[in-house]
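# Architecture at a glance
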Amino acid sequence: MNHKEEKTPIMGNTNFRVVLGIVVMAVIGGSLVAPILPSMIKPLGTTEEMIGLVMSVYTFAALISTPFIGVLADRYGRKKVLLPLIVFYGLTGFTISMVDSFVAVLVLRAFQGIGGAGMMGLGVTLVGDIFSGRARAQAMGYRSSSQSFVNAGIPFISGTVATVAWFYPFYIYILSLPLALITYKYLDVQEKTSQSGLRDYFRAIFLVMRDRKTLWVYVSNLFVFILLYGLIVYVPICIVKEMGLSTMYTGLTLSVGSAVAAITATQAGKLFYRFLNHQLVIMGFALCGLALLLISFTESYLFLIPSIIIWGMGFGTVFPALNTIVTQLVSSQLRAGVVSGFTTMTYIGQTVSPPLFGMILSYSSLEYVFISGSILSLVPIALTLVMRYVYHKT
């Protein structure tokens with residue numbers, strides 16, 4: 001980051017505003033589609049058991065493509081890789097509105113997942129390229145906030161639009177095309193691509209990834225999303241099945257959590273200045289674990305909301321912290337490759353969380369799903385303590 005950029009307010013940085021636009025567009029790859037799945041069942045001639053594949057194929061394609069995208073970005077440059085991915089993401093998403101075959105929707109969603117994976121992963125990488133130090137932590141907080149605010153608002157908008165026709169929300173993805181033009185014109189970062197041979201590059205990446213600190217960050221991010229998707233999937237079930245309330249309350253509850261996470265994440269720069277990395281990670285997971293434990297004892301909606309607020313504070317603390325740490329691990333020549341591994345953990349967490357907690361539910365009750373989540377939050381806390389006081393790696 002040059003001297004001029006250091007004096008420029010974070011939100012006044014043109015490169016960062018472009019990155020936020022990319023991240024916001026990538027986030028709606030999931031949050032736009034999830035609420036309208038029920039309205040897609042009949043028009044596409046599928047079933048309730050199968051409609052979840054619309055989300056699964058997206059996540060799976062993102063999972064397997066993310067590492068390759070990171071390598072390409074390090075070798076050939078962020079912008080050269082990012083631009084076609086934005087266009088690809090937008091076109092495949094928009095084209096879904098024109099098909100009436102369930103298989104065609106699944107194929108297009110898989111292709112869209114490749115584009116979305118690149119946009120999310122390179123969004124983190126670019127923030128690391130643009131900023132350093134406290135400014136990087138603050139920027140990561142703003143990035144996390146933008147994701148949370150979008151996740152709070154888009155589901156309601158998408159669900160409302162889909163009451164007219166199931167495919168109308170997919171029109172939004174065409175906005176990726178002007179976003180690609182904006183990125184082409186205004187994204188101007190000094191890229192230092194890896195000049196080493198491919199064999200040397202992979203050797204360097206492997207050495208970083210096997211380092212205990214890298215593994216700690218990866219595993220911690222995995223648990224963030226295992227816990228998050230457990231909350232997203234099973235809190236609505238708790239509200240509807242256990243409390244007998246409508247889906248309006250489920251949307252409100254998740255929106256409150258996202259809003260609190262967004263507000264908390266805006267303070268990431270201040271938290272980065274006041275606390276050490278391992279302290280932020282421990283605080284974040286402790287709050288998330290406490291929230292899940294409180295939810296397990298919840299019998300009324302009024303008691304649920306404070307628990308969700310605690311969750312939002314925890315997620316808004318730990319997620320920006322981990323994003324900041326992972327971009328500090330290596331130089332810009334290797335950053336996209338290392339961040340791609342970090343992003344892969346996100347998709348693995350999203351993929352394994354629902355069946356994991358579903359298996360727990362099949363042998364117990366909803367109460368124990370949240371208790372299990374609370375217990376799982378202790379794993380990254382323990383790992384962080386070991387890393388700090390045994391290996392001195394945080």
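Computed from a prediction, not measured in an experiment: that's the story for all the values here.

Under the defined criterion, the tally for this structure stands at 15 aromatic pairs. Look at Phe 167 and Tyr 168: their rings are 5.1 Å apart centre to centre, the planes differ by 85 degrees, and that puts the pair in the edge-to-face class. Under the relative-accessibility criterion, Tyr 168 is labelled partly exposed at 32%. Between Tyr 234 and Phe 357, the aromatic rings sit 6.5 Å apart at their centres with planes inclined by 70 degrees, giving edge-to-face as the arrangement. Of this pair, Tyr 234 sits in helix 11 (residues 212–242) while Phe 357 is found in helix 16 (residues 332–363), placing the two residues 123 residues apart along the sequence. Just as Tyr 234 is buried, Phe 357 falls in that class too. Counting every residue linked through ring pairs, the aromatic cluster contains Tyr 89, Phe 94, Trp 166, Phe 167, Tyr 168, Phe 170, Tyr 171 and Tyr 173.

Attention now goes to the nonpolar core. By size, the foremost hydrophobic cluster in this structure holds 110 residues, and its most contacted members are Met 40, Val 54, Met 119 and Trp 311. For this core, the element with the most residues is helix 11, which contributes 15 residues. Beyond its immediate chain neighbours, meaning those up to four positions away, Met 119 contacts Ile 22, Met 25, Ala 26, Leu 82, Leu 85, Ile 86, Tyr 89 and Leu 179.

Glancing now at the pattern of salt bridges. When charged atoms on two side chains of opposite charge get close, those side chains can pair. Counted by the stated rule, this structure contains three salt bridges. Taking the shortest distance from any N to any O, the salt bridge between Asp 129 and Arg 78 comes out at 2.8 Å. Of this pair, Asp 129 sits in helix 7 (residues 102–130) while Arg 78 sits in helix 6 (residues 78–95), and the two are 51 residues apart along the sequence. Three or more residues joined by partner-sharing salt bridges are found here, namely Asp 74, Arg 78, Asp 129 and Arg 335.

Time to look at the side chain of Asn 323. Among the secondary structure elements, Asn 323 is positioned in helix 15 (residues 301–327). When its relative accessible area of 1% is taken as the criterion, Asn 323 is described as buried. In this structure the side chain of Asn 323 is engaged in a polar contact, spanning 2.7 Å, whose partner is the backbone oxygen of Phe 319. Beyond its immediate chain neighbours, meaning those up to four positions away, Asn 323 contacts Val 124, Met 140, Arg 143 and Phe 342.

Look at helix 10 (residues 198–209) against helix 16: their axes get within 10 Å of each other, and the N-to-C directions meet at 55 degrees. Overall, the two elements helix 10 and helix 16 adopt an arrangement that is oblique. In terms of crossing hand, the pair formed by helix 10 and helix 16 is right-handed. Residue-level inspection shows Tyr 201, Ala 204, Ile 205, Val 208 and Met 209 of helix 10 in contact with helix 16, the latter providing Gln 333, Leu 334, Gly 337, Val 338 and Gly 341. Class assignment of the residues belonging to the contact of helix 10 with helix 16 gives a composition of seven nonpolar, three polar and no charged.

What counts and how
Residues numbered from 1 in each chain as written. Predicted model: local features only at pLDDT ≥ 70, side-chain atom pairs only at ≥ 80, totals over all residues. Heavy atoms only, no water. Phe/Tyr/Trp six-rings, centres within 6.5 Å; stacked < 30°, edge-to-face > 60°. Buried < 20%, exposed > 50% of the residue type's maximum accessible area, 1.4 Å probe, protein only. Helix = DSSP H or I, 4+ residues; strand = E, 2+ residues; numbered from the N terminus. Core = buried A, V, L, I, M, F, W, Y, C linked by side-chain atoms within 4.5 Å. Contact = heavy atoms within 4.5 Å. Salt bridge = Lys/Arg side-chain N within 4 Å of Asp/Glu carboxyl O. Polar contact = N/O pair within 3.5 Å; in protein donor to acceptor, adjacent residues only side chain to side chain. Axes fitted to C-alpha atoms, helices over the stretch in contact; angles between N-to-C directions. Parallel < 35°, antiparallel > 145°, perpendicular 65-115°, else oblique. Left-handed = near helix turned anticlockwise from the far one by under 90°. Nonpolar A, V, L, I, M, F, W, Y, C, P; charged D, E, K, R; others polar.

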